[in-house]
Amino acid sequence: MKIMKNIGFVLVGAALLSFASCTDFLDEKGYKMNYTYFDSDAGAEGLVAASYNGLRDFATGGFVAPGVTWELVGTDIFTGGAEGDTAFSYYAGTMSPSAGGIPWDGFYRYIATINQGLVTVAGSTLSDEIKTVRLAELKFLRSYYFFFLVQHFGKAALMLEPVTEPKLDIVLTPQKDVLAQAIGDATEAWNDLPWADASGRVTGDYGRASKGAAGFLLAQMHMYRYSQRWAGQGQSNPAMNEDRGAQPDDLEKTIFYAERVCNFGAGAGSGSNHTLAADYADLWRWNPKTGFVGTQNYRGPELIFAAMYFNSPFFNNQDNLTNVHDGGNWMHIQGTMWAEGVTMITVGGNADGSNNIWGWRERNADGSYQAGHHGVYRDLITGRPWRRYAPSPYFYSDEGLFGRQAYMNDKPGKLQDSRIYKGGNWVYYANDNPGTAGLEEPTVRWRAYSNGAGSFDPASIGKVEGDLRYQRGDTAILLSLENLNDRFPNGTPAEKLALARAERSYWYIPLQSMPKPTAQQVNERDVLTNSFLTMAKHLDSRRPTADAQAGFRDLMLYRLAEMYIILGEAYALNGQFDEAAAAINVVRDRAAWKEGESKYDHFYLFDGGSKADLTKSTQNDMRITSGFLSSMSEQQLLDFFIDEQGRECFSELNRWSRLVRNGADFFVNRVRAHNYLASGNVQPHHRFRPIPQAHLDAIDPKRPEDQNPGY
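Residues numbered from 1 in each chain as written. Predicted model: local features only at pLDDT ≥ 70, side-chain atom pairs only at ≥ 80, totals over all residues. Heavy atoms only, no water.

### Considering the overall build of the protein
Across its full length, the protein carries 24 helices and 22 strands. Relative to a compact globule of 711 residues, whose C-alpha radius of gyration would be 27 Å, the protein shows 26 Å and is just as compact. Principal-axis analysis of the C-alpha atoms places the extent of the protein at approximately 80 × 60 × 55 Å. Expressed as a percentage of contacts within the protein between residues at least 6 apart in sequence, the contacts between residues at least 24 apart total 72%. For the protein, the exposed surface amounts to about 25,000 Å²; the carbon and sulfur share of it is 51%. The averaged location of the 82 negative side-chain charges in the protein is 2 Å from the averaged location of its 68 positive side-chain charges. (Helix = DSSP H or I, 4+ residues; strand = E, 2+ residues; numbered from the N terminus. Rg over C-alpha atoms; globule rule 2.2 N^0.38 Å. Contact = heavy atoms within 4.5 Å. Areas by Shrake-Rupley, 256 points an atom, 1.4 Å probe, with all protein chains shown as cover. Lys, Arg positive; Asp, Glu negative; His and termini not counted. Charge placed at Lys NZ, Arg CZ, Asp CG, Glu CD.)

Below is the structure:
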């Protein structure tokens, strides 16, 4: 049976589903791990395909998906959710070399596959053209994996040959040498890989590494090495001063590769077919009312490299080919808020300090009100709320990630930047309860309310006390970026929240005014670690059941907009401010609301905008000038660009490595300033992850000195 040509990679126990050729890319033959099979061309192709499988490890399996632990939580803009891993989210004492899930062995499993593949493909009878491309793919992937290890651990075992027997005398190599090897591999890949064609294919297939992917990786690595300028000296903990092997031309090479991937500036005419999607929302394909838009993942020209998935559990899974909880992409459940079972209680919201129950169904025997059915239940759109990560308060603040300082007009991003709205899920609708025969209707009713913040009478907006606030199909939960201090001058924060909710027909979550829990309170319902903005970038309603863990969405790893931001930063650091502003404005123009495009009603309801401006373009508001950048200090430039990357790429599994690029103190200062749950624990030595104790115990002779400082 012919399958749509995707480079999907499935390892099933000891069986490898082989990829026979680029014509009939995936067939349904299984092969036992018999090394003689790899002497065939099909076996060589299978080794190449299997080498990509490590990319899926970021989004699959375990209590917390590895990508969440390693790239999202414990950063400036994301913290642990109500049911997250406290060790790596808050840099707690349990963050130790013996902690589970440290991504070490897994990467070496794929590096071993790559090393065998390099030998096997070189000796195969594949055509010279295909052989050159496949070898370049393998070198790109080895570079990708080694660069990940360097960023997280600083040093690594530089394994470059096939492993045919147990090897215990492993010595870790300093990061400058591992990085040099990774840059060498990626440079060879750049020289030999073709550009993806206009449809995103390489040698006829989706998902293979391309010249664009190699150029993106090289730009990242040269910028990382250039950033030794900040990471290599003056750290508050001298053990964190890094030697990355920086070279005088690293910034120049960053610009060289980024320009060519972007087809921009001196790189115009490079042959790159990559262009930005017309609309930021096109990338994520999510509608809060109907779910995933269409059937297929975005695979347009903005996508440079991704971990690919199929719309079928059979081709997505790792161990059990039909188990909807095995394999696939689990990111759709990792950062999903707890919309089902909303308690509809504002703690301390009443004038006497007691808890306010929002709406009612009937009076209890003691005369108190009983909360009604909220009408929001788990389904394929509401999602399965694992709550492993949540945005930090900095993400929402008018002075935070989308704050006024990022725009030349001194207005917060919520009034002009579409990315914060198009990348999140802001509304939930009352739906059916599949768990009961009655399919419970919402029974939340209007009532008058008064506390220290003010008073509300439903009659003032034409409502009748006792009538239903909403029915099935109506808005039941709505989130906003409103700061209630701007609306209510009096009352406690809880009173302001309770009064704001009394005035709305739906359960209202104004994120800037939500309670911020302590580490001991994160599992309380009405706090920012349970009620938060769900990232629409990962949601997937195509799964067979609401509880199914294995999703089908591709995991984007590299896309063109981020390359423009890296290019803009490199230009600015090189003193080329005109070029820097031009590169950022390519991204900003797409991020702006277009003329005639209707913004969310939040614009005038909560954000301070007017209805008259609801469909006006914000493109001129979003653009920056060279003077805006040149007026910044070096520290301000670093902060601006890391935040621009956050505004464009939030929740895309690239934040932690981006933070540590500028060194331990830069990383620690950002976390301490913007992630209050981690601020009291994070230390400079957390810039590097602990080397797994299992590795240190297994090698012979023992090398305890290989452990990173502080563990």
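Past the structure itself, the notes keep going.
### Concerning the environment of glutamate 579
Relative to the elements of secondary structure, glutamate 579 occurs in helix H16 (residues 577-591). Excluding residues that lie within four positions of it along the chain, glutamate 579 makes contacts with Phe264 and Tyr571.

### Some words on the packing of helix H1 (residues 41-51) against helix H5 (residues 128-153)
Two numbers describe how H1 lies on H5: the axes approach to 10 Å, and their chain directions differ by 30°. With respect to H5, the axis of H1 lies roughly parallel. With respect to the hand of their crossing, H1 and H5 are arranged in left-handed fashion. The residues of H5 that touch H1, namely those facing Glu45, Val48 and Ser51, are Ile130, Arg134, Glu137, Leu138, Leu141 and Tyr145. For the contact of H1 with H5, the per-class residue count stands at five nonpolar, one polar and three charged. (Axes fitted to C-alpha atoms, helices over the stretch in contact; angles between N-to-C directions. Parallel < 35°, antiparallel > 145°, perpendicular 65-115°, else oblique. Left-handed = near helix turned anticlockwise from the far one by under 90°. Nonpolar A, V, L, I, M, F, W, Y, C, P; charged D, E, K, R; others polar.)

### Examining the sheet that holds strand S16 (residues 427-429)
Strands sit in the order S16-S19-S20 across an open sheet of three strands; the sheet is mixed. Edge positions in the open sheet fall to S16 and strand S20 (507-510), since each of these has one partner strand only. Neighbouring strand axes in the sheet, compared pairwise and without regard to direction, differ in orientation by 10° on average. When S16 meets strand S19 (residues 475-480), the two strands line up antiparallel, connected through three bridges. Residue pairing for S19: tyrosine 428 is matched across the bridge by isoleucine 477. (Pairing = 2+ DSSP bridges.)

### Here we look at the confidence of the model for the protein
Interpretation of this model should avoid reading the predicted coordinates in detail wherever pLDDT is low. In the predicted model, the protein carries a mean pLDDT of 91, and 93% of its residues have values of at least 70. Under a pLDDT of 50 for its full length, residues 1-5 has, in the predicted model, 15 contacts with residues more than four places off or in other chains. Here residues 8-33 is modelled with pLDDT under 50, and outside its nearest four sequence neighbours on either side it reaches 77 contacts, counting other chains as well. (pLDDT = per-residue confidence, 0-100.)

### Side note on the pattern of salt bridges
Considering all chains together, one arrives at 54 salt bridges under this definition. As a salt-bridge pair, arginine 229 and glutamate 634 come within 2.3 Å of each other at their nearest N and O atoms. Placement of the pair is arginine 229 in helix H8 (residues 228-231) and glutamate 634 in helix H20 (residues 634-649), with a sequence separation of 405 residues. Using a relative accessible area of 36% as the deciding quantity, one classes arginine 229 as partly exposed. Look at glutamate 634 and you get partly exposed, because its relative accessible area is 34%. Among the salt bridges present, the one from arginine 404 reaches glutamate 399, with a minimum N-O distance of 2.3 Å. (Salt bridge = Lys/Arg side-chain N within 4 Å of Asp/Glu carboxyl O. Buried < 20%, exposed > 50% of the residue type's maximum accessible area, 1.4 Å probe, protein only.)

### Topic: empty space enclosed by the protein
For the coordinates displayed, the defined rule picks out 10 cavities of 30 Å³ or more. Approximately 380 Å³ is the volume found for the largest cavity. Along the wall of the largest cavity there are 20 residues; nearest its centre are Phe147, Gln151, Gln220, Asn654 and Ser657. Contributions of two or more residues to the lining of the largest cavity are made by H5, helix H7 (211-226), strand S22 (555-559), helix H15 (560-573) and helix H21 (655-660). Counted by class, the lining of the largest cavity contains 11 nonpolar, five polar and four charged residues. Space inside the second largest cavity adds up to approximately 140 Å³. (1 Å grid on protein atoms, 1.4 Å probe; cavity = no way out; pocket = protein on both sides within 12 Å on 5 of 7 lines; lining within 4 Å. Points joined across faces, edges and corners; volume = space filled by probe spheres on them.)

### Re the environment of tyrosine 711
When you line up the elements, tyrosine 711 lands in the segment after helix H24 (693-698). For the pair tyrosine 711 and tyrosine 91, spaced 620 residues apart in the sequence, the C-alpha separation amounts to 12 Å. When residues no more than four places from it in sequence are discounted, the contact partners of tyrosine 711 are Met95, Pro97, His685, His686, Phe688, Arg689 and Pro690. Engagement of the side chain of tyrosine 711 in a polar contact is seen with the backbone oxygen of phenylalanine 688, the distance being 2.6 Å. (Polar contact = N/O pair within 3.5 Å; in protein donor to acceptor, adjacent residues only side chain to side chain.)

### A word on the pairing of S20
Side-chain alternation along S20 places Trp507 and Ile509 on one buried face and Tyr508 and Pro510 on a second face that is also buried. Relative to S20, S19 runs parallel, the two being bridged by four bridges. Bridge pairing in S20 links leucine 478 to tyrosine 508.

### Comments concerning the nonpolar core
Among the nonpolar cores identified, the biggest contains 189 residues, and Phe140, Tyr144, Phe305, Phe395, Ile477, Tyr558 and Leu629 are the most heavily contacted of them. Per-element tally for this core: the top contributor is H5, with 15 residues. The contacts of phenylalanine 140, once residues within four sequence positions are left out, are Ala189, Leu193, Ala209, Ala213, Ala214, Leu217, Phe305 and Tyr558. (Core = buried A, V, L, I, M, F, W, Y, C linked by side-chain atoms within 4.5 Å.)

### Brief notes about the side chain of glutamate 569
Structurally, glutamate 569 is set in helix H15. In this structure glutamate 569 touches Met223, Leu638, Phe641, Arg658 and Arg661, once residues within four positions along its chain are discounted.

### Thoughts on the packing of aromatic side chains
As enumerated under the stated definition, the model contains 42 aromatic pairs in all. Where tyrosine 144 meets phenylalanine 305, the ring centres are 6.1 Å apart and the plane angle is 65°; that geometry is what we call edge-to-face. Taken together, the positions of tyrosine 144 in helix H5 and phenylalanine 305 in strand S9 (residues 303-307) put the pair 161 residues apart, joining distant regions of the chain. With respect to burial, tyrosine 144 and phenylalanine 305 carry one shared label: buried. Considering the side-chain rings of tyrosine 421 and tryptophan 426, the 4.7 Å spacing of their centres and the 50° angle between planes classify their relative orientation as tilted. When sorted by exposure, tyrosine 421 lands in the same class as tryptophan 426, which is buried. A network of ring pairs unites the aromatic residues Tyr52, Phe58, Phe107, Tyr110, Phe140, Tyr144, Tyr145, Phe148, Phe216, Phe305 and Tyr558 as a single cluster. A cation sits over an aromatic face here: arginine 387 above tryptophan 338, 4.0 Å from the ring centre. Sitting over the ring of tryptophan 507, arginine 501 keeps its end group 3.8 Å from the ring centre. (Phe/Tyr/Trp six-rings, centres within 6.5 Å; stacked < 30°, edge-to-face > 60°. Lys NZ or Arg CZ within 6 Å of the ring centre and 35° of its normal.)

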